[in-house]
Amino acid sequence: MLDHHTIERYELGWLVVAVVMVLLMFAGVIASMITETVPGMFGSPARYINPTQLSQTEFAAPGLKVSPDGSVNAYMVARAFQFQPSVLRVPANTPVTLHFIAADVIHGLMLGQGNVNAELIPGHVATFTRTFKSPGTFVSQCNEYCGSGHQTMSFTLIVEAPK
Amino acid sequence: MTTAPPPTVSAPALPTEQVYLGHPEKKVTLYFLVTGLLMLLIGVAIGPLQALNYANIDVYQYLPFLKSYYQGLSLHGVLNALVFTTYFISGLLLYLPCRALGVRPNLVVAWAAYWTMTIGVLMAAWAVLGNNATLLYTFYPPLQGSPLFYIGAALLVVGSLIIAAQVIVIWTGWKRSHPGEITPLAAYMSVATWMMWVIASLGLVVEVVVFLIPWSLGWTKGVDPLLARTLFWYTGHAIVYFWVLPAYISWYALLPRQAGGVIASDSMARLSFVLFLLLSTPVGLHHQYSDTGLSIGWKTVQMLLTFLVVVPSMLTAFSVGASLELAAQARGGGGYFGWTRRLPWKDPVFTAQVLAMISFIPGGAGGIVNASLALDTAVHNTAWIPGHFHITVGTATTLTFFAISFWLLPHLTRKPLASVKMALWSAWLWFWGMIIFAVGMHWEGLIGIPRRTYFAGATGLSEMISRAQVPLALTGISGMVLAVAAVLYFTVIFRTLLGRTRVSAQAEVPIPFSQSLAEVEALAGNGGSPKIAGAVRVLERLWVFFALALALVMVMYLPTFISLLLNPHPVPGLRLW
């Protein structure tokens, strides 16, 4: 049978293994953050708009907007119990910036294969820039409980081949 | 049980007062434990309905007393995660340290804590049962519930803090009257846990008392939802350590003796609790990786701290594993794995705890995924998350509490456990039910199935559901397995509590405080007490670590709170259910 000194020596070795493992995991996540596996993690400025005054902002008329310089922005408003617009069509192979805002309570959204997962906290704009490579459809259910109609609230993103 | 001789039944049954004679704190402890278990009974009864929801079977339409899936989910989450745990832990972590230190608690204070909690729970239950607080377990504003719910929740926490203060005061008094002595392990760990909870509960207390109660009463017009979420998760992650550390106390300080062995390493056990005291709280931001409006820098720093919690968890796995191996060797076991056969698997107290530990291995691994800023994106708000916490708090903690109830209720009441066999079955079925549940839920989460969704009415899920048929069926089946486990468990508990035979004082189930290997070696060597390692003397100064923990939390959280408070964005409350 082992005496307590030997066990404690082994345990100290185990402690070192645990610390090294933690540092490696941390380095791994930092690497994936720097390489932008998850869009919008760095560089998207924190922006707050009073959710009761959306009519004076670009969220007044939600939907896709193509600027004269060719940049593509889409503005979505989440409110109980729908996304406006509930279906968004975007072109493939073009950088698109998606802006989401919640107008009343907290909502949420996940575009699974697009690595987008956002808590939409009233007034705080969530922004993601992404180039969708191929045509396809993403459907997101609202993923933060928002009341009795929560399950009827969904958002569809359709990526279309350029005409 | 393992150590008690065959119980000698005294006839006629002893009057109750005599059972508590010598240790009147047994009665208040029993009240805490049994009230907690009654709350669990209600919470668990709703569980199968939630599981069937995932299998797309809607039972809610047939239930007149529950208005919606979300009301059921609110009850399930609040009762199981908040109410059951708080009662059970308050009872256990009052009784254990007092007995370990040989000090009787002030019973007036203990009962005051019990009634504070109970009045609070009745208020909150009134609100939830009346569908006036269908807010789920997280009660995020601006969804606004009845003031009764928030006041009740605050009283529940205040009750637990009264016990925390009492245990810490008792310990400091013991230190004064025992200069130079080292606190017994079970008491040391209990005090460290309560100190952690004192720091950790601050967020919830401030959120509810300063913001939500005045707002729900109509005294203030709005609440900043981001500030409220940040306060909630300040407590919301640390609370999981408040749930799991009492299980660790049982694994470290009681299980070795229950298995027939000793504590492998006393000093490492203390070190791991000090690490939990330091690291449990300044990590809550990892629940908010997807929140806009918080700095990525602080999220990253708290990610590192969250990862560091892996260290004391790994220490626990090593120490407890070594203790079990020593126990098996003492029973004649050997080999690399062969020793496991020599453990007392027929004892539900032992088996339930080992199954709890096994569930915690995948539970901890999944937790690392949740704590990773990048990987969290794939699982945040999906079914993966409830899959994760059902094998952590739902199994590691709950199954350990089952094991504790199997010896502690007989200890407190002197009534023998009604059926060892049924207790054993309930533990195995609970374990397998939760494993099946977790496999289903983690799998669904990776497909993208959201959590907290009433499937019967869902509009955006059909494509995902078609890809998730197998895991969704697993979730449904697991609910049925767990229902059977729960029926068996509560049958054993109520048959025990309502039993009429009591054993004599000599045959009372003992409190299984374990000896450490170092102590045993010292006794075998020269009959003296073991030399106390310098590290243990340093770790003994818990107030210093309490202060350090507080300082670390301030560094990790104050900048975020200050910036949120300087730029408040209050919005009005809404009732949308």
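Structural notes, computed from the coordinates. Note that the coordinates shown come from a computational prediction; the quantities given were computed from them, not determined experimentally.

The rules behind the values
Residues numbered from 1 in each chain as written. Chains lettered and ligands numbered in written order. Predicted model: local features only at pLDDT ≥ 70, side-chain atom pairs only at ≥ 80, totals over all residues. Heavy atoms only, no water. Axes fitted to C-alpha atoms, helices over the stretch in contact; angles between N-to-C directions. Helix = DSSP H or I, 4+ residues; strand = E, 2+ residues; numbered from the N terminus. Parallel < 35°, antiparallel > 145°, perpendicular 65-115°, else oblique. Left-handed = near helix turned anticlockwise from the far one by under 90°. Contact = heavy atoms within 4.5 Å. Nonpolar A, V, L, I, M, F, W, Y, C, P; charged D, E, K, R; others polar. Polar contact = N/O pair within 3.5 Å; in protein donor to acceptor, adjacent residues only side chain to side chain. 1 Å grid on protein atoms, 1.4 Å probe; cavity = no way out; pocket = protein on both sides within 12 Å on 5 of 7 lines; lining within 4 Å. Points joined across faces, edges and corners; volume = space filled by probe spheres on them. Buried < 20%, exposed > 50% of the residue type's maximum accessible area, 1.4 Å probe, protein only. Pairing = 2+ DSSP bridges. Salt bridge = Lys/Arg side-chain N within 4 Å of Asp/Glu carboxyl O.

### Overview of the packing of helix H3 (residues 69–101) of chain B against helix H14 (residues 384–413) of chain B
Residues and elements named next belong to chain B. At a closest axis distance of 11 Å, the pairing of H3 and H14 adopts a crossing angle of 45°. Classified by the angle their axes make, H3 and H14 are oblique. Judged by the twist between their axes, the crossing of H3 over H14 is left-handed. Of H14, the residues touching H3 (which contributes His76, Phe84, Thr85, Phe88, Ile89, Leu92, Tyr95, Leu96 and Arg99) are His390, Val393, Thr398, Phe401, Ile404, Ser405, Trp407, Leu408, His411 and Leu412. When its residues are assigned to classes, the contact of H3 with H14 shows 12 nonpolar, 6 polar and 1 charged.

### Overview of the environment of Thr300 of chain B
Inspection of the secondary structure puts Thr300 of chain B in helix H10 (residues 296–308). Along the sequence, Thr300 of chain B and Ala371 of chain B sit 71 residues apart, while their C-alpha atoms lie 10.0 Å from each other. Beyond its immediate chain neighbours, meaning those up to four positions away, Thr300 of chain B contacts Phe26, Ile30 and Met33 of chain A together with Leu373 of chain B. Among the polar contacts made by the side chain of Thr300 of chain B, one reaches the main-chain carbonyl oxygen of Ile296 of chain B at a distance of 2.7 Å.

### Details of empty space enclosed by the protein
Residue and element names in this part refer to chain B. Counted under the stated rule, the structure contains 6 cavities of 30 Å³ or more. Space inside the largest cavity adds up to approximately 130 Å³. Mapped by element, the contributors of at least two residues to the lining of the largest cavity are H3, helix H4 (107–129) and helix H5 (147–177). The element best represented in the lining of the largest cavity is H3, accounting for 6 residues.

### Concerning the side chain of Thr413 of chain B
Residues and elements named next belong to chain B. Among the secondary structure elements, Thr413 is positioned in helix H14. Taking relative accessible area as the criterion, Thr413 reaches 4% and is therefore assigned buried. A distance of 2.7 Å separates a polar atom in the side chain of Thr413 from the backbone oxygen of Leu409. Those residues within four positions of Thr413 in sequence are excluded, and the remaining contacts are Val19, Leu30, Leu497 and Arg502.

### Side note on the sheet that holds strand E10 (residues 154–160) of chain A
Residues and elements named next belong to chain A. A sheet is described by the order of its strands in space; here 3 strands give the open sequence E4-E10-E9, paired in mixed fashion. In this open sheet, the two strands that pair with only one neighbour each are strand E4 (87–91) and strand E9 (136–141). Taken pair by pair, the neighbouring strands of this sheet meet at an average axis angle of 20°, ignoring direction. Sheet topology places E9 next to E10; 6 bridges connect them, and they run antiparallel. When the sheet's bridge partners are listed, Phe138 is paired in E10 with Leu157.

### Looking at the interface of chain B and chain A
Tallying the contact residues gives 63 residues for chain B and 55 residues for chain A. Where chain B packs against chain A, one counts 2 salt bridges. Measuring nitrogen to oxygen at the nearest pair gives 3.0 Å for the salt bridge that ties Glu144 of chain A to Arg452 of chain B. Linking chain B with chain A are 22 residue pairs in polar contact (both at pLDDT 80 or more), by the criterion used here. Of all elements in the fold, only helix H8 (225–258), helix H9 (266–279), H10, helix H11 (310–330), helix H13 (373–379) and helix H18 (517–525) of chain B reach the threshold of two or more residues within the side of chain B that touches chain A. For the side of chain B that touches chain A, the leading source of residues is H11 of chain B, giving 8 residues.

### Describing the environment of Val311 of chain B
With respect to the helices and strands, Val311 of chain B occurs in helix H11. Separated by 131 residues in the primary sequence, Val311 of chain B and Gly180 of chain B have C-alpha atoms spaced 29 Å apart. Those residues in contact with Val311 of chain B that sit more than four places away from it in its chain are Leu15, Ala18, Val19 and Val22 of chain A together with Leu275 of chain B.

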